[in-house]
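Each chain is listed here by its residues.
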Amino acid sequence: MIDERREAQAAEYVLGALPSEELREFEQTLLSNLELQLLVKELRASAEMLPFALPVVTPPAALKEKVLAAIGGSAVAGGVVRESAVFPAWLPWALAASFAVLCIALLGVGSTAKRESAELSQKLEEAREAQAELQRENEILQASAAAVSSNESVRVAVLEKQLTQKTQETKKQIAEARKEAEQAQAEIIRAQRQLNFIQGQLGQTAKDLDRARGLPEGTTLNQGNRLNNLRVGLLKPTIDGPPTATGTSVWEIHEQKGLLLIDNLPPLPPDRDYQLWLFDPKFVVPVSGGIFSTSDTGTARLEYRAAGLIETAERFGISIERKGGVNTPEGKMVMISN
Amino acid sequence: MAVAIKERPWPKLQYPIWMPAGSFARRATEVNPPQTTVKDLELLQRIGARDRHAFILFYERYSTVLYSMAVRILNDPEQAAEVLHEVFVQVWENSGSYNSDFGKPFSWVLALTRNRAIGRLRASNGQYRFADEVAHEMAEDAHRNLHEQAISHEEALLIRSAIATLPVEQRQAIEMAFLGGLTQQEISQSTGQPLGTIKARIRRGMLKLRQELQGVA
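Analysis parameters
Residues numbered from 1 in each chain as written. Chains lettered and ligands numbered in written order. Predicted model: local features only at pLDDT ≥ 70, side-chain atom pairs only at ≥ 80, totals over all residues. Heavy atoms only, no water. Pairing = 2+ DSSP bridges. Helix = DSSP H or I, 4+ residues; strand = E, 2+ residues; numbered from the N terminus. Axes fitted to C-alpha atoms, helices over the stretch in contact; angles between N-to-C directions. Phe/Tyr/Trp six-rings, centres within 6.5 Å; stacked < 30°, edge-to-face > 60°. Buried < 20%, exposed > 50% of the residue type's maximum accessible area, 1.4 Å probe, protein only. Lys NZ or Arg CZ within 6 Å of the ring centre and 35° of its normal. Parallel < 35°, antiparallel > 145°, perpendicular 65-115°, else oblique. Contact = heavy atoms within 4.5 Å. Nonpolar A, V, L, I, M, F, W, Y, C, P; charged D, E, K, R; others polar. Expected span 1.5 Å × (residues − 1). Buried area = accessible area lost by both parts, 1.4 Å probe. Salt bridge = Lys/Arg side-chain N within 4 Å of Asp/Glu carboxyl O. Polar contact = N/O pair within 3.5 Å; in protein donor to acceptor, adjacent residues only side chain to side chain. pLDDT = per-residue confidence, 0-100. Core = buried A, V, L, I, M, F, W, Y, C linked by side-chain atoms within 4.5 Å.

Residues and elements named next belong to chain A. Read from one edge to the other, the open sheet built from eight strands follows the order E5-E4-E7-E8-E1-E2-E3-E6, with strand pairing classed as antiparallel. Looking along the sheet, the strands with just one partner apiece sit at the ends: strand E5 (287-292) and strand E6 (300-304). Averaged over all adjacent pairs, the angle separating strand axes in this sheet is 20°, with direction ignored. As defined by bridge partners, strand E4 (residues 272-279) adjoins strand E7 (residues 315-322) across eight bridges and the pair is classed as antiparallel.

Here is the structure:
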């Protein structure tokens, strides 16, 4: 079966109008397509009939002489050549003999026709086989197309699954973030409570100091001045520390003493101590604030003094050190302030 | 331009009862005498053997239709005569190497004439002009002015009738391609029609022509 595109190409081919870019591909196809060869042959024969439909224009008589002169010589006398001749007397006998020869020739033609018929049958059979082959290829292509479609379905299913997983992960991350936010809120509340407690303690300490200095009751130093001498640090766990641990450290510069409150910091083995460190830019290494241990519930309260004169307590840190403490931090830093 | 007009009465053909109208046998008998091609082959063989008599027969058989086509392509009788001169000299010189595998002898000389005429048209920057003379002559008198040197009166009549059945726009596209040597794009530009329309016209026209000329071509 020749499709419309090939029919159009065949028509253009015989008229000489097929574009050069299509010509090579068409001629390649033509070589192997018996049906297309037949179509081209028939269309070409039809095209060759076109001049016979044109108006008759007789060539000039001189042209014939000119052509004959060019090929060497002149036309036959009179310029007219007839295909027919005068019938001689022996013509009937010749016709009879010709008839006999024709009969023999017809027998030969019959034999040739049979042979040609057999060849045509063979070609037809080949064409049928080619058609069957094409049918098989078509079925294979359809099967391939179905497989491709199936693969696409699988791919879509995988993508849907990935999307579902991604959505679930995102939901989980949102839930975790919300939980962390709640924990942070709880820490803030706890730190606020610790701060209130420390402020209360400081107030009490100030009263004790005033009393010791002999100042009358109610004549305390300006509270703002006192707070200017304080450095408060909220301690948070590092990646090496317990995630739920919280702490607050206050350092009073004027008095060179401080207070540390800790929650949720698990107790250490007997050969280890927690050690508090104060970070002052004046010193190359942190300055020790003392060692401490925590209760079974993870709490600790430490009133401390530094190993050196601290002018600016920028940060506070807690490390795990060997029993009795060290001069400079050696173990892991488990908590650090802001 | 000399135009030969021949008049012939419509022939009264008698056919045996086993050749009903439209049958292949009757159609073949009417319009396709097989000996024409055989004679052409014989003529070319004899021309190859330097038989001037055969050459003259071949010239008389095809010079008119080839000249008519060349005039139509070039629209110039003098140039058409030059083309015909070149073609027949080539036939004389090259008929010895003619191979029937290349097609019928007429196909060969037709291609020679067509290619030379279109080559001259292009060289002179001329453009083929379509003139729908077929319909005009069919309307006037279908039996007049037919090519009968190479084919029979009935064949010529049948061919002209077949071509007259094509719509004029299909005839135009086919003729511009075959006789004008124009590409599809050039026909599209010349007629102002889209390329797809030209392709469709050529396809439909040629298929229709094949159907109409079955048994003749």
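There's more to say after this.
Glancing now at the packing of aromatic side chains. Taken as a whole and judged by the stated rule, the model has 11 aromatic pairs over all chains. Centre to centre, the rings of Tyr13(A) and Phe26(A) are 5.0 Å apart; their planes meet at 50°, and the pair counts as tilted. Here Tyr13(A), found in helix H1 (residues 4-15), pairs with Phe26(A), found in helix H2 (residues 20-32); they are 13 residues apart in sequence, far enough to count as distant. For the residue pair Tyr13(A) and Phe26(A), the accessibility class agrees, reading buried in each case. Taking the centre distance of 5.2 Å and the plane angle of 40° together, the rings of Phe52(A) and Phe106(B) count as tilted. Of this pair, Phe52(A) sits in the loop between helix H3 (34-47) and helix H4 (61-71) while Phe106(B) sits in helix H5 (residues 105-123), on two different chains. Judged by its relative accessible area of 6%, Phe106(B) is buried. Clustering of aromatic rings is evident, with ring pairs tying together Phe52(A), Phe55(B), Phe58(B), Tyr59(B), Tyr62(B), Phe88(B), Trp92(B) and Phe106(B). The lysine or arginine in question, Arg50(B), covers the ring of Trp92(B), its NZ or CZ lying 4.7 Å from the ring centre. Seen from the ring of Phe178(B), Arg114(B) lies directly overhead, with NZ or CZ sitting 4.2 Å from the centre.

We now examine the packing of H1(A) against H2(A). Residue and element names in this part refer to chain A. Put simply, H1 and H2 touch, their axes get as near as 11 Å, and they point 105° apart. Considered as vectors, H1 and H2 are oriented roughly perpendicular to each other. Along its contact with H1, which presents Arg5, Arg6, Gln9, Ala10 and Tyr13, the element H2 presents Glu22, Leu23, Glu25, Phe26, Glu27, Thr29 and Leu30. Class assignment of the residues belonging to the contact of H1 with H2 gives a composition of five nonpolar, two polar and five charged.

Residue pairs spaced three or four apart in an α-helix point in one direction, given the helix's 3.6 residues per turn. Its 19 residues place the ends of H5(B) 27 Å apart at the C-alpha level, agreeing with the 27 Å of an ideal helix rising 1.5 Å per residue. Buried within H5(B) are the following residues: Pro105(B), Phe106(B), Ser107(B), Trp108(B), Val109(B), Leu110(B), Leu112(B), Thr113(B), Arg114(B), Ala117(B), Ile118(B) and Leu121(B).

All names here are of chain A. One can find Ile291 in strand E5. Assessed through its relative accessible area of 34%, Ile291 is described here as partly exposed. In the structure, Ile291 is positioned 16 residues away from Gln275 in sequence and 4.2 Å away in space, judged by C-alpha atoms. Filtering out sequence-adjacent residues up to four positions away, Ile291 remains in contact with Asp273, Tyr274, Gln275, Leu302, Gly324 and Gly325.

If you look at the interface, chain A gives 47 residues, while chain B gives 59 residues. Together, the buried faces of chain A and chain B total about 5100 Å²; carbon and sulfur atoms form 69% of this surface. Connecting chain A to chain B are six salt bridges. Between Lys199(B) and Glu12(A) there is a salt bridge, with the nearest N and O atoms lying 3.5 Å from each other. Between chain A and chain B we count 12 residue pairs in polar contact (both at pLDDT 80 or more) in total. Elements with a minimum of two residues in the side of chain A that touches chain B: H1, H3 and H4 of chain A. When grouped by side-chain class, the residues that make up the side of chain A that touches chain B number 31 nonpolar, seven polar and nine charged.

Attention shifts here to the confidence of the model for chain B. Residues and elements named next belong to chain B. Averaged over chain B, the pLDDT score is 78; the fraction of residues at 70 or greater is 72%. For chain B, helix H1 (residues 24-31) is the element with the lowest average pLDDT, namely 40, and helix H4 (residues 77-94) is the one with the highest, namely 95. Overall, residues 1-36 carries pLDDT values under 50, and its contacts beyond four positions in sequence, including any with other chains, amount to 52 contacts. Overall fold confidence (pTM) sits at 0.47, and the ipTM for the predicted complex is 0.77.

Taken as a whole and judged by the stated rule, the model has 20 salt bridges over all chains. In this structure, Arg210(B) engages Glu42(A) in a salt bridge whose closest nitrogen and oxygen atoms are separated by 2.8 Å. Taken together, the positions of Arg210(B) in helix H10 (residues 195-212) and Glu42(A) in helix H3 put the pair across two chains. Given a relative accessible area of 27%, Arg210(B) falls into the partly exposed group. For Arg46(B), the salt bridge goes to Asp51(B), with nearest N and O atoms at 3.1 Å. Given the relative accessible area of 33%, Arg46(B) is considered partly exposed. Three or more residues are tied together by salt bridges with common partners; here these are Glu82(B), Glu86(B), Arg116(B) and Arg120(B).

Attention shifts here to the confidence of the model for chain A. Residues with a pLDDT of 70 or more make up 79% of chain A, whose mean pLDDT is 81. Within the model, the stretch residues 217-222 of chain A combines pLDDT values under 50 with six contacts to residues more than four positions away or in other chains.

Counting residues in each nonpolar core, the largest one holds 82 residues, and the members touching the most others are Leu15(A), Phe55(B), Phe58(B), Leu66(B), Val91(B) and Met206(B). Sorting elements by how many residues they give to this core places helix H3 (residues 52-74) of chain B first, with 15 residues. Aside from chain neighbours lying at most four places away, what touches Met206(B) is Ala11(A), Val14(A), Leu15(A), Leu43(A), Ala47(A) and Ile174(B). Counting 20 residues, the second-largest nonpolar core is a separate cluster that includes Leu235(A), Ala300(A), Tyr304(A) and Val334(A).

Position of Gly196(B) among the secondary structure elements: in helix H10. For Gly196(B), a relative accessible area of 46% gives the class partly exposed.

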